[in-house]
Every structure is written in structure tokens, then in C-alpha cells.
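Secondary and tertiary structure notes
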Amino acid sequence: MPLIRFDMIKGRSPEEIKDILQIAHEVMVAAFDVPPRDRYQIVHQHEPYEMVVEDTGLDIPRTDRVIVISIVSRVRTIRQLKKFYQDLADKLETAGLVDKNDLMINVSFNDDQGWSFGQGKAQFLEGSL
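It should be emphasised that the depicted structure is a prediction, and the values quoted were computed from it without experimental measurement.

This brings us to the nonpolar core. Counting 25 residues, the largest nonpolar core has Phe6, Ile20, Ile69, Phe84, Leu88 and Leu92 as its most contacted members. If one sorts the elements of this core by residue count, helix α1 (residues 14-32) sits on top with nine residues. Leave out the neighbours within four places in its chain, and Phe6 touches Ile20, Leu21, Ala24, Gln41, Ile42, Val43, His44, Ile67, Val68 and Ile69. The next biggest cluster of nonpolar side chains, apart from the first, holds five residues, and it includes Ile9, Met51, Val53 and Val66.

Overall, the coordinates contain seven salt bridges when judged by the stated rule. Put simply, Asp112 and Arg74 hold a salt bridge, and the shortest N to O gap is 2.9 Å. Taken together, the residues Asp112 in the loop between β4 (103-109) and α3 (123-126) and Arg74 in the loop between β3 (67-73) and α2 (78-94) connect sequence positions 38 residues apart. Where Lys83 meets Asp87, a salt bridge forms, and the shortest distance between an N and an O atom there is 2.7 Å. Placement of both Lys83 and Asp87 in helix α2 is noted, with a separation of four residues, approximately one turn of the helix. Here Lys83 falls in the partly exposed class, since its relative accessible area comes to 35%.

Quick look at α1 now. Taking 1.5 Å of rise per residue, the 19 residues of α1 would be expected to cover 27 Å, and the 26 Å separating its terminal C-alpha atoms lies within 8% of that figure. Along α1, the positions that sit buried rather than exposed are Glu16, Ile17, Ile20, Leu21, Ile23, Ala24, His25, Val27, Met28, Ala31 and Phe32. On its buried face, α1 sits against β1 (3-9), β2 (40-46), β3 and α2. Note on α1: the residue one or two positions beyond its end, Asp33, has a positive phi of about 55°.

Reading the values: rules and limits
- Residues numbered from 1 in each chain as written.
- Predicted model: local features only at pLDDT ≥ 70, side-chain atom pairs only at ≥ 80, totals over all residues.
- Heavy atoms only, no water.
- Core = buried A, V, L, I, M, F, W, Y, C linked by side-chain atoms within 4.5 Å.
- Buried < 20%, exposed > 50% of the residue type's maximum accessible area, 1.4 Å probe, protein only.
- Helix = DSSP H or I, 4+ residues; strand = E, 2+ residues; numbered from the N terminus.
- Contact = heavy atoms within 4.5 Å.
- Salt bridge = Lys/Arg side-chain N within 4 Å of Asp/Glu carboxyl O.
- Expected span 1.5 Å × (residues − 1).

From the geometry alone we can't say anything about function, so treat these as descriptive.
Structure below.
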């Protein structure tokens, strides 16, 4: 049920994008303990001038390979979040897909009333999930 949005600068191959999404999904399943078919991912590609991703004064160098990952999810523990952040950065970098300096992640929390998976129904509230 986490919804993940990937914002990146245009230029990556379809294979690279598929690999990024697959790794992110595998890390999310492990870190957040979600079912494997709980997969909602959207990629938005931008012109270079459409993304400004600085470092909040942390001296983190960025390149045109930067990816901003925005997640909407149920509340997760600090331990789960730290595991997700670290494992995702490690695995994407090891795969040669994203340097750790070029990865920014934001997680926003909501609860069961904030989801409808289709059919105009609130599946969590109705007990379907």
C-alpha cells in the first residue's frame, strides 16, 4: 500500500528505470513488511531545469542522476524507516543505478481512511483489506 513516486531527470533507459523500481519494491517489502503484490509505483521524468535538489547545507554533491523518491504510507517505525533508507541507498548504489549522494527520500504518513484502491470503495474501512 505504500505509494511511491520517483522523480528523475530524463535520460535513463527503460531497463534502468525498471531495475530502480524493482529494487525499491524489494527493499520496501523487506523493510516495511508489506505483501509482495502491494506495489504502487509512478515514475515522473523531468527536464533538467524542472528539478532543483539541493543539500540543505549538508555538502552533499548532486548530479543530473538525482532521484527524489516520495512515499505515502501508513505510519512506520523509526527502525523500519532507517532500514529502508539505508538498504535502498546501498542496493541502488551497488547496482550502479544511483549514487547515494543523488538519492533523496521523503515519507508522508496517512491512515486507513486515506486509501481507496478502486471501485469507489474504502477497502481498509470496509474490512476488505
